[in-house]
Amino acid sequence: MNVLVVGAGAMGQWFARTVRTHADASVAFTDLDQSAAEAAADAVGGRAVASDAAETFDVVCIAVPMPVAETAIDEFAPRTTNAIVDVTGSMAGPIAAMRDAVPDTQRLSLHPLFAPENAPGNVAVVSDASGPDAVAVVDALAAAGNNCFETTAAEHDEAMETVQASAHAAVLAFAMAAADVPDRFQTPISAGLFDLVEQVTGGDPRVYADIQAAFDGADAVADAARQIADADADTFERLYEQLS
């Protein structure tokens, strides 16, 4: 199986390394930044190809930021002969774009629910149109120790509103509101929150911005915080008991 990975970032490299190791795939990278494609190829063990090359591949994997996923699918879907895969982080839009671009091709949407450096972990899977190559990709992820579970695009995207958009907004809002408190005053809860702040703010801000743009959730966190701030004692107790 020969694979083209569109996007030479951390997620594209994770995907390429996984299928190369566990599916005996040969991998090529393409990226708007040719030097990034070459660096990824050197790191993983593959080659870099120009984005306008005419070469086709058994599998094309779209590993670009969410805002440009559908554009990349439109551009690179014709380069596959068997299957197209995306690992962009949202599902409804990319799946619809893949259906439009290659209606007769195997289509697979994957969302690794972890940063590549924390692999293995849970991987959400939508097998929109399965076949041997799509199965081989999922098998390779499982062989690498990942827990691959089937879902739907709607279920996935709705879940991301809570586990990504709302969760990130809550942590970042705490970071914005929190004062600089000496360690001797920390409680287990506050210390845990500050640990989460460090984890969230240690990533790529553009990725977190893309998540907020793609999924609802931050407004719900703001509304909930306002309810808590405005609650009298009886209302607060009622809210608290609802959550217990």
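Calculation criteria
Residues numbered from 1 in each chain as written. Predicted model: local features only at pLDDT ≥ 70, side-chain atom pairs only at ≥ 80, totals over all residues. Heavy atoms only, no water. Pairing = 2+ DSSP bridges. Helix = DSSP H or I, 4+ residues; strand = E, 2+ residues; numbered from the N terminus. Contact = heavy atoms within 4.5 Å. Axes fitted to C-alpha atoms, helices over the stretch in contact; angles between N-to-C directions. Salt bridge = Lys/Arg side-chain N within 4 Å of Asp/Glu carboxyl O. Buried < 20%, exposed > 50% of the residue type's maximum accessible area, 1.4 Å probe, protein only. Domains from an automatic or database assignment. Buried area = accessible area lost by both parts, 1.4 Å probe. Polar contact = N/O pair within 3.5 Å; in protein donor to acceptor, adjacent residues only side chain to side chain. UniProt positions renumbered as here; feature names shortened; annotations may be inferred. Parallel < 35°, antiparallel > 145°, perpendicular 65-115°, else oblique. Left-handed = near helix turned anticlockwise from the far one by under 90°. Nonpolar A, V, L, I, M, F, W, Y, C, P; charged D, E, K, R; others polar. Patch = residues over 30% accessible without salt bridge, like charges linked within 9 Å, V, L, I, M, F, W, Y side chains within 5 Å. Areas by Shrake-Rupley, 256 points an atom, 1.4 Å probe, with all protein chains shown as cover. Lys, Arg positive; Asp, Glu negative; His and termini not counted. Charge placed at Lys NZ, Arg CZ, Asp CG, Glu CD.

Q: What is the right way to look at the sheet that holds strand E2 (residues 26–30) in this model?
A: The strands that make up a sheet are held in pairs by hydrogen bonds between backbone atoms, and each pair lies either parallel or antiparallel. With respect to topology, 8 strands assemble into an open sheet ordered E3-E2-E1-E4-E5-E6-E7-E8, the strand pairing being mixed. One side of each edge strand has no neighbouring strand; the edge strands of this open sheet are strand E3 (47–48) and strand E8 (147–150). With 2 bridges connecting them, E2 and E3 associate as parallel partners. Paired with Ala-28 across the bridge in E3 is Arg-47. Relative to E2, helix H2 (residues 34–44) is tilted by about 160 degrees, and along the sheet it contacts E2 and E3.

Q: Just to check I follow, could you spell out the pattern of salt bridges for this structure?
A: Opposite charge on two side chains allows them to pair when their charged atoms are near. One pass over the full model with this rule turns up 4 salt bridges. Ionic pairing is found between Arg-99 and Asp-128, a salt bridge with its closest N-O pair at 2.6 Å. Residue Arg-99 is located in helix H4 (residues 92–101), and its partner Asp-128 is located in strand E7 (residues 122–129); the two are separated by 29 residues in the primary sequence. Classification of Arg-99 by relative accessible area gives partly exposed; the value is 44%.

Q: Mind showing me how you'd approach the domain arrangement of the protein here?
A: In many reports, interface size means the accessible area that the parts give up when they come together. What the domain assignment reports for the protein is domain 1 (2–151) and domain 2 (155–243). In this complex, domain 1 contributes 11 residues to the contact, which on the side of domain 2 involves 9 residues. If you sort the residues of domain 1 by the area they bury against domain 2, Met-66, His-111 and Thr-151 come out on top, with a joint share of 49%. Applying the counting rule to domain 1 against domain 2 returns 0 salt bridges. Our enumeration of links across domain 1 and domain 2 arrives at 4 residue pairs in polar contact (both at pLDDT 80 or more).

Q: Any chance you could explain unusual backbone geometry here in plain terms?
A: Most of the time, phi is negative for any residue but glycine, and the peptide bond is trans. For the bond running from Ala-119 to Pro-120, omega is 0 degrees, close enough to zero to count as cis. The residue Pro-120 is located in the loop between strand E6 (106–112) and E7 in this model. Phi is positive for Asp-24, which is not a glycine, with a value near 55 degrees.

Q: Would you take a moment to explain the UniProt feature "domain: Prephenate/arogenate dehydrogenase" (unreviewed entry) in the protein for this structure?
A: Taken from the UniProt record, the annotation "domain: Prephenate/arogenate dehydrogenase" (unreviewed entry) applies to residues 1–244. For residues 1–244, the end-to-end C-alpha separation is 51 Å, with 52% helix and 18% strand making up the annotated structure.

Q: Would you mind showing me how to read the packing of helix H3 (residues 69–76) against H4 here?
A: Helix-helix packing is described using two parameters, namely the angle between the two axes and the distance between the axes. Their axes nearest at 9 Å, the elements H3 and H4 cross at an angle of 20 degrees. Taken as axis vectors, H3 and H4 run roughly parallel relative to one another. In terms of crossing hand, the pair formed by H3 and H4 is right-handed. On H4, the residues touching Ala-69, Glu-70, Ile-73 and Asp-74 of H3 are Gly-93, Pro-94, Ala-97, Met-98 and Ala-101. When the residues that make up the contact of H3 with H4 are grouped by side-chain class, the tally is 6 nonpolar, 1 polar and 2 charged.

Q: Before we go on, may I ask you to explain a negative patch on the surface in this structure?
A: Residues Glu-155, Glu-158, Glu-161, Asp-216, Asp-219 and Asp-223 make up a contiguous surface patch of negative charge. At the level of elements, helix H6 (153–177) and helix H9 (218–230) are the ones that each hand at least two residues to the negative patch. When residues in the negative patch are grouped by element, the largest group, 3 residues, is from H6. By the element assignment, Asp-219 lies in helix H9.

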